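Listed below, chain by chain, are the residues.
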Amino acid sequence: MEIKRAAKYGFCFGVKRAIRLAEQNKNAISIGPLIHNQKEIDRLKFNFGVNVKTDINNIDNNTSVIIRTHGIQKDDFKKLKNSNINIVDATCPFVKKPQQICEEMSKEGYEIIIFGDENHPEVKGVASYCTTPFQVILNKKDIKNINNNSKIALISQTTKNIHHFLEVANHLITICPEVRVFNTICNATFENQEAAKILAQEVDILIVVGGKNSSNTKQLLNISLQYCKDSYCIEDETELQKKWFDGKKVCGITAGASTPDWIIDKVESKIREF
Ligand code: SF4
């Protein structure tokens, strides 16, 4: 069986940067998991003493706190800044951008529509920068209380699908007099998605390696399933099942933006053993 990796997969710029910052700031505390990959979090803890805390309270002064790539809420950021804590801001610049857009567009009186999952930490963080009414939507049917006078600014969670985002934008343009559309979808996600789409059409089994909580990994799996029905999402090589590969000729491998290369290498080795 031939094994092919996607042209683009795995760690993105933001995650690489966050990991580098964590490695440079030994014994720091990360507020929430730094990335959506437990094994990488364990490695950072074991080798660099980076511990995860969910609460920004009860952190000793003189500690370094790493803000994860998804960012945190504005009030929490302020609280940390006002204490003696050393902030290592690993918020991805592509997440900072929608935070700034929300702040600026609110100042200009725009209502904000955020296309994304309301429970995702990135979206919660971004929404916290809105000072005018905002709504978080997953599709055009979720949009409420828009009237003829509404001035709308539309942004997206970084990991969303561009085509679905455009559907929402097209719909808003037909119902509001003024819509400002900001494409805040991150290229890294888009490139991994496009590469997965191409690969899924060339293989008869596709393995997506990524954290179970990772939104961009789920997105990769959904795209892969559209073109290759035998697509599976796994966190590491221990979840692979030999029977999946029976009679298969070409196997593809892709990985979410929080998946380190050392996990992908182990997955490939295990498949080769089969
Ligand atoms: S996927 Fe994009 S937005 Fe998210 S951390 Fe990576 S580079 Fe940043």
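Counting starts from 1 at the beginning of each chain's written sequence and moves along it residue by residue. Local features in this predicted model are restricted to residues whose pLDDT is 70 or higher, and side-chain atom pairs enter the listing and the counts only when it is 80 or higher, whereas totals over whole chains, interfaces and linings include all residues. Just so you know, side-chain values use all the structure's heavy atoms and leave hydrogens and water out.

Draft legend 1. Broad picture of the overall build of the chain. What the chain contains, in helices and strands, is nine helices and twelve strands. Over its C-alpha atoms the chain spans a radius of gyration of 20 Å, differing by no more than 12% from the 19 Å that the globule rule assigns to 274 residues. Per element, the accessible surface of the chain, about 13,600 Å² overall, is 46% carbon and sulfur. In the chain, which carries 37 positive and 33 negative side-chain charges, the distance between the mean positions of the two groups comes to 1 Å. Helix numbers and strand numbers start at the N terminus; a helix is a DSSP run of H or I with at least 4 residues, a strand a run of E with at least 2. Computation of the radius of gyration draws on C-alpha atoms alone. For the globule rule, the value is 2.2 Å times the number of residues to the power 0.38. Areas reported as accessible are Shrake-Rupley estimates using a 1.4 Å probe. Residue values count occlusion only from the protein chains shown. Charge assignment in this entry is limited to Lys and Arg as positive and Asp and Glu as negative, and neither His nor the chain termini are counted. A charge is said to be at NZ when it belongs to Lys, at CZ for Arg, at CG for Asp and at CD for Glu.

Draft legend 2. Representation of the environment of leucine 225 in the model. Within the secondary structure layout, leucine 225 lies in helix H8 (residues 215-227). Residues leucine 225 and aspartate 42 lie 183 residues apart in sequence; the distance between their C-alpha atoms is 30 Å.

Draft legend 3. Representation of unusual backbone geometry. The residue asparagine 27 is not glycine, and still its phi comes out positive at about 60°. Mapped onto the secondary structure, asparagine 27 falls in the loop between helix H1 (13-24) and strand E2 (29-31). Of note in the backbone geometry, asparagine 145 takes a positive phi value of approximately 50° without being a glycine. Tracing the backbone shows asparagine 145 in the loop between strand E7 (134-137) and strand E8 (151-156). A residue is classified by how much of its surface remains accessible, and asparagine 145, at 72% relative accessible area, is exposed. Residue burial is assigned from relative accessible area. The probe radius is 1.4 Å, only protein chains are included, and a residue is buried under 20% of its type maximum, exposed over 50%, and partly exposed in between.

Draft legend 4. Fine view of the site of the ligand. Taken together, Cys12, Gly14, Thr69, Cys92, Phe94, Thr158, Cys186 and Thr189 make up all the residues around the ligand. Here the term charged refers only to Asp, Glu, Lys and Arg, the term nonpolar to Ala, Val, Leu, Ile, Met, Phe, Trp, Tyr, Cys and Pro, and the term polar to all other amino acids, Gly among them. Partitioning the shell around the ligand into residue classes produces four nonpolar, four polar and no charged. If even one non-hydrogen atom of a residue comes within 4 Å of a molecule or strand, that residue is called near it.

Draft legend 5. Focus on the packing of aromatic side chains. The criterion for an aromatic pair is that two Phe, Tyr or Trp rings (for Trp, the six-membered ring) have centres within 6.5 Å, with stacked assigned to planes under 30 degrees apart, edge-to-face to planes over 60 apart and tilted to the rest. For the structure on display, the rule yields five aromatic pairs. Centre to centre, the rings of phenylalanine 13 and phenylalanine 94 are 6.0 Å apart; their planes meet at 75°, and the pair counts as edge-to-face. Placement of the pair is phenylalanine 13 in helix H1 and phenylalanine 94 in helix H4 (residues 93-107), with a sequence separation of 81 residues. In this structure phenylalanine 13 comes out as partly exposed when scored by relative accessible area, which is 45%. For phenylalanine 94, a relative accessible area of 37% translates into the label partly exposed. Here the aromatic rings of tyrosine 232 and tryptophan 244 are separated by 3.9 Å at their centres, their planes lie at 5°, and the arrangement is stacked. Note that tyrosine 232 is positioned in strand E11 (residues 231-234) and tryptophan 244 in the loop between E11 and strand E12 (250-255), a separation of twelve residues in sequence. By relative accessible area, which is 22% here, tyrosine 232 ends up partly exposed. Of the aromatic side chains, those joined through ring pairs into one cluster are Tyr232, Trp244, Phe245 and Phe274.

Draft legend 6. Representation of the packing of H1 against helix H2 (residues 38-48) in the model. Direction vectors running N to C along H1 and H2 enclose 20°, while the axes themselves pass 10 Å from each other. Taken together, H1 and H2 sit at an angle that is classed as roughly parallel. The two elements H1 and H2 meet at a crossing, and its hand is right-handed. Two secondary-structure elements touch here, H1 through Ile19, Ala22 and Glu23 and H2 through Glu40, Arg43, Leu44 and Phe48. Whenever a helix is involved, its axis is fitted only over the stretch in contact; in every case the axis is a line through C-alpha atoms, and angles between N-to-C directions fall within 0 to 180 degrees. Orientation labels follow simple angle bins: below 35 degrees gives roughly parallel, above 145 gives roughly antiparallel, 65 to 115 gives roughly perpendicular, and whatever is left gives oblique. Here a crossing is taken to be left-handed if its near helix is turned anticlockwise relative to the far helix by less than a right angle, and right-handed if that turn runs clockwise. Contact between two residues is taken to exist if any of their heavy atoms lie within 4.5 Å; hydrogens are not considered.

Draft legend 7. Region of the structure containing the packing of helix H7 (residues 187-200) against H8. At their nearest, the axes of H7 and H8 sit 8 Å apart, and the two run at 25° to each other. On the basis of the axis angle, H7 is roughly parallel to H8. In this structure, H7 meets H8 at a crossing whose hand is right-handed. Together, Thr189, Asn192, Gln193, Ala196, Lys197 and Ala200 of H7 and Asn216, Gln219, Leu220, Ile223, Ser224 and Tyr227 of H8 make up the contact between the two elements.

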